[in-house]
Amino acid sequence: MNPTAWFGMKVRRSMKTQDRDLSRIIGWLAGIVAVVAALGLPAVYFAIGYNSMASALRIEAEACSREMNRIASENPDMWEFETVRIMGVLEQRFEEHAGDSRRVLGSGGNVIAATVEPVPRPALVRSRLIRESGRPVGAIEVSRTFRPLILHTGLFLLLGVLLGIGVYLVLWILPMAALRRALGQLAREKERAQVTLRSIADGVITTDAEGNMEFMNRHAEGMTGWSREEAAGRHVREVFRVLDGRTGQELSDPLAERQADSRAGEQNVLVARDGTRRLIDDSVAAIPGGAAGNAGAILVFRDETVKVREEEERVKWQKLESLGTLAGGIAHDFNNFLAAILGNISLAKQILDPGSKAVARLEAAERASERASELAGKLLTFSKGGKPVRERISLESIVQDSALLSVRGTPVRCEFGIAEGLWATDADAGQIGQAISNLVINAVQAMPGGGTVRIRGANVIIGQGEMAYVKPGPYVKIEVTDTGVGIPGKNLKRIFDPYFTTRENGSGLGLTTSYHIMKNHGGNLFVESEPGAGTTASLYLPASTECMPRVAEAEEETARDGKWRVLVMDDEDLVRDMEIGMLEHLGCEARGARDGSEAIGMYKDAAMEGMPFDLVVMDLTVPGKMGGKEACARLLGMYPDARVIVCSGYSSDPVMSDHAAYGFLGMLGKPFRMEELKRVVEQVLAFPTGRARGKIPECRKAGIATMVAGGRPRGLPCGQPPGTGPGSRRRPA
Amino acid sequence: MRVRRRVGISVAWIVSLFLGAAVFPGNVRAETLRITGTGGAIGGMRLLAEAFRKAEPGVEVILPRSIGSSGGIRAAIAGKLDIGLSARPLSAEERAEGGRQTAYARTAFVFAVNPDVNLSDTTLAEVIDIYAGRKTDWEDGTALRLILRPAADTDTITLRKISPEMAHAVERSQKREGLIVATTDQNSADEIERTSGSFGTSTLALVVSEKRRIRMLSLSGVQPTTKSVRDGTYPYTKTFFMVTRQAPSPAAERFIRFVRSPEGKAILSRVGHIPLP
């Protein structure tokens, strides 16, 4: 049921209970008043009538007794026989009343005279003494039945019952209507307030004056792990377990200490029922009222875990970004020099006799230069550069290959749990393999005595707000878990720092590089560890939401007569000369230009002379002059069939990672070796153009065939299962 | 010597008086007769009592004030009176209680007015109108003040017996408010005497015997007299009874015999009574 509807129903049910209670009370009150009215009217009538009758009889008896006193005084001996006079007195009437009776009694109680027969009972009797010279000689008795009074009282009782019914209805209906209106208004207000509490994003708990739970909204339920029904009546400390943010000690009474310390706003740790810990901002407000001035408290708390982690992530990213910028700049310049060194060594080896002693020295220098180049490459990877060259890939084989390669020769074995149908991702397969390899190597090093690295792969969909540092969407999650020594908490915060390592032979760049790889792919890397229990590293890579690419199988053999004409543009003379030398060694006819403008001019001149260049290799960055990006755009504007390769030490530049979008047919990252240059040149020259057809380059004659790196892809139909199409092939390293 | 003889005679006389009183006490203590009842008979009875005292000096006759016929009967039966005077015969119940009656005279039942009323004759129809309340003023415009008698009085009973119309008119008069009600015959005569424009009832015997200053009206031209009553031209009369116990006292017996004696009848005839045989 919808929580709001449920809650509304509960409020209405509560109000109905109150309504019934109040209805019963009002009903009782109305009934009592109605009974009083119903009985009061005849009772009052009877009382008034009785008193009136008694007064009248008393007055009549008094008046008659005076007359009788006179008669007795006038005839003391014979007054009892003055029947006519006595009857005259008795028949005097102050008012006409049927059923009246008057009697004169002698001193012995004998009846001397009477008006009529005794009145029907019940009767009211009033008597007065008859005195002669002050001595009582008899009595006069006046009696009157009050049957008529009873009858009239009965009629008034009927009227009273009608009045009582009317009073009951009025007192019941009118107050109930007003009460229902008031209760309805109260219920609506209460429901609105409670729905408001429920709808806000913060957790809200209300307690009574003793700190017992009264209400908690849905967010509070989620964060504490307690349902409303389970928490009802418990003390808040049971449900709201909070550790002090500074000391880590559990607060014995969160409400009291919050109110006493006024530390609202501090980030403490909320321990949920299942042990989950969350960083929270909480505040407590007392509810005034009650006998002691405190009717309870409202506790409002917000889960700040995501926010705090995001902040940590942002700081970490900023720090690494700064370091990356520095490292990238150094690596770029370093690469330029290495390019010249390596190129010249390569050339020198080609020139020298293979049996020359100098060749061995050159090869040693070449290996040293290559190691230096690898180091520069690592620096570039975690630096701002290292932009991945993406293609649609399946992670399963990459993960397995990289992991198995990393544990080879160690006492550690791999255990895979890759879910079937793992989604494809748009990623740089080499970088992803490197990241996996780094993680597995760390796991191996964490288990020096051997063990098992468990690698899990699964498809996950991250919801909005579910993870702080991962955007919502579909992901492929790779977990690498070891059972090693774990990472102490103090080190856990620094594991992504460059060159931070606790191992003697560690470089301190493994996790840093992996982290940057994942960030550059729009994913993330998390490491959870508990000392003594092992470590789990989790990779999140965005799953591809587009159709799988179909890789062009550029297996077309092209034939060409004569040399390929290549134009090399680089501002560094050493590099430019080295590249020219390499191309000439490959059998090409190479010319050099210092910047983009010069290159365009030479290209135009050659084209006008009928000897156009078949290929242009352009340095991306030329300080103060036209660089490769602009020159390529202009060149293609004039000669759409021109083949251009971009060459740069800034592998992070977007042009390098997405060179096809800028019109380049190939990319070379500095430094490069002869083989790499040959491969890229062959690939680009193999790209079919009308003008180029019919020419057969030297490299092609050698039978080298390769894919077009970053070539113009053609898509497969949507619905192709990820990882099963031709595009899932790995790009050669 | 003569003085001694006078003293001796005096002593002997005194002693003889004491001895005589001791031997013949009745001769010393006088008998008493208590007689009362209807007021109409009181006047004639007072004359008879005076004559009886002369005939029997040892009998003291006391005439308390009038207590009405019923009172007289009840008092006589109860022994409070030696002779009760009644204007009506005993009821069966009163007879059963031991009452004994002796009718001794009749007299005219009369309509009377205050002397200031300019009227001497009336009719039965006029009397009915007066009691019914249809006639409230005299011809000269002065107010007519009706003097009523209690409903149980013999005057009222006599009136009702005259005719159904009269009975109805009397019934109505009993319900009229503000009228003077005279409880006894004397009281009625008193009210007629002192009330200007009054009209009421009485008896010839009372008016004559007590010498009341009220005017008895002739009825359709017939004067209420002993003669008109005796010859029957005046139709409305009342009969007086002497009521005693079945065994009255000797003095009462003697008084009754005196009333029915020629001497007694003569006295009654002089004061408006028609003695009965």
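Here is what the cut-offs are and how they apply
- Residues numbered from 1 in each chain as written.
- Chains lettered and ligands numbered in written order.
- Predicted model: local features only at pLDDT ≥ 70, side-chain atom pairs only at ≥ 80, totals over all residues.
- Heavy atoms only, no water.
- Axes fitted to C-alpha atoms, helices over the stretch in contact; angles between N-to-C directions.
- Helix = DSSP H or I, 4+ residues; strand = E, 2+ residues; numbered from the N terminus.
- Parallel < 35°, antiparallel > 145°, perpendicular 65-115°, else oblique.
- Left-handed = near helix turned anticlockwise from the far one by under 90°.
- Contact = heavy atoms within 4.5 Å.
- Nonpolar A, V, L, I, M, F, W, Y, C, P; charged D, E, K, R; others polar.
- Buried < 20%, exposed > 50% of the residue type's maximum accessible area, 1.4 Å probe, protein only.
- Buried area = accessible area lost by both parts, 1.4 Å probe.
- Salt bridge = Lys/Arg side-chain N within 4 Å of Asp/Glu carboxyl O.
- Phe/Tyr/Trp six-rings, centres within 6.5 Å; stacked < 30°, edge-to-face > 60°.
- Lys NZ or Arg CZ within 6 Å of the ring centre and 35° of its normal.

**Student:** What is the right way to read the packing of helix H2 (residues 39-55) of chain B against helix H11 (residues 250-259) of chain B from this model?
**Tutor:** For any two helices packed against each other, the geometry comes down to the angle between their axes and how far apart the axes lie. All names here are of chain B. Running from N to C, H2 and H11 cross one another at 110 degrees; their axes reach a closest spacing of 11 Å. Here H2 lies roughly perpendicular to H11, going by the angle between them. Viewed along their axes, H2 and H11 form a crossing whose handedness is right-handed. Contacts from Met45, Leu48, Ala49, Ala51 and Phe52 of H2 reach H11 at Ala251, Arg254, Phe255, Phe258 and Val259. Class assignment of the residues belonging to the contact of H2 with H11 gives a composition of nine nonpolar, no polar and one charged.

**Student:** Hey, could you run me through the side chain of Glu126 of chain B in this one?
**Tutor:** Residue and element names in this part refer to chain B. Relative to the helices and strands, Glu126 resides in helix H5 (residues 124-132). Take Glu126: its relative accessible area is 14%, and that puts it in the buried class. Not counting residues within four places of it along the chain, the set of residues in contact with Glu126 comprises Leu119, Asp121, Lys135 and Glu139.

**Student:** Is there a simple way to think about unusual backbone geometry in this case?
**Tutor:** A negative phi angle is the norm for most residues apart from glycine, just as the trans form is the norm for most peptide bonds. Residue and element names in this part refer to chain B. One non-glycine residue, Lys211, adopts positive backbone phi at about 55 degrees. The class for Lys211 is exposed, based on a relative accessible area of 71%. Phi at Ser220 is positive, roughly 55 degrees, even though this residue is not glycine. Inspection of the secondary structure puts Ser220 in the loop between strand E10 (218-219) and helix H10 (226-230).

**Student:** Any chance you could explain the interface of chain A and chain B here in plain terms?
**Tutor:** In many analyses, interface size is given as the accessible surface area lost on bringing the parts together. Counting residues at the interface gives 12 residues for chain A and 16 residues for chain B. Between chain A and chain B, the buried area comes to about 1300 Å², and carbon and sulfur atoms account for 62% of it. For the chain A face of the interface with chain B, the top three residues by lost area are Met78, Phe81 and Val84 of chain A, together amounting to 50%. The tally of links from chain A across to chain B stands at two salt bridges. Between Arg65 of chain B and Glu74 of chain A there is a salt bridge, with its nearest N and O atoms 2.8 Å apart. In terms of residues, the side of chain A that touches chain B owes the most to one element, helix H2 (residues 83-90) of chain A, which gives three residues. In terms of residue class, the side of chain A that touches chain B is built from four nonpolar, two polar and six charged.

**Student:** Whenever I open this one, the environment of Val61 of chain B confuses me. Can you help?
**Tutor:** By the element assignment, Val61 of chain B lies in strand E2 (residues 59-62). Apart from residues no more than four positions distant in its own chain, Val61 of chain B is found in contact with Leu33, Ile35, Ala49, Phe52 and Arg53 of chain B.

**Student:** Looking at this structure, I do not really get the pattern of salt bridges. What am I missing?
**Tutor:** Pairing is possible between side chains that carry opposite charge, provided their charged atoms lie close to one another. Enumeration according to the criterion identifies 46 salt bridges over all chains in this entry. One salt bridge in this structure joins Glu230 of chain A and Arg273 of chain A, with 2.6 Å as the shortest N-O distance. Of this pair, Glu230 of chain A sits in helix H5 (residues 228-231) while Arg273 of chain A is found in the loop between strand E8 (267-271) and strand E9 (277-288), placing the two residues 43 residues apart along the sequence. Notably, a salt bridge pairs Arg234 of chain A with Glu238 of chain A, separated by 3.0 Å at the nearest N-O pair. Exposure remark for Glu238 of chain A: the relative accessible area of 38% places this residue in the partly exposed category. One network of salt bridges, with partners in common, ties together Glu67, Arg70, Glu74 and Glu82 of chain A together with Arg65 of chain B.

**Student:** Help me understand the packing of aromatic side chains, please; the structure alone is not making it clear to me.
**Tutor:** How two aromatic rings sit relative to each other is set out by the distance from centre to centre and by the angle between their planes. Summed over all chains, the structure comprises 18 aromatic pairs over all chains. Ring centres 6.1 Å apart and planes at 35 degrees place the aromatic pair Tyr603 of chain A and Phe613 of chain A in the tilted group. Here Phe613 of chain A lies in the loop between helix H15 (596-608) and strand E21 (615-619) and Tyr603 of chain A lies in helix H15, a separation of 10 residues in the sequence. Tyr603 of chain A sits in the buried class, given a relative accessible area of 1%. Phe613 of chain A gets classed as buried once you look at its relative accessible area, which sits at 2%. Three or more aromatic residues link up through ring pairs in this structure, and these residues are Phe109, Phe111, Tyr131, Trp138 and Phe199 of chain B. Its end group placed over the ring of Trp226 of chain A, Arg273 of chain A keeps NZ or CZ at 3.9 Å from the ring centre. The ring of Phe613 of chain A is capped by Arg565 of chain A, whose NZ or CZ atom sits 4.8 Å from the centre of that ring.

Geometric values such as these leave the question of function open.
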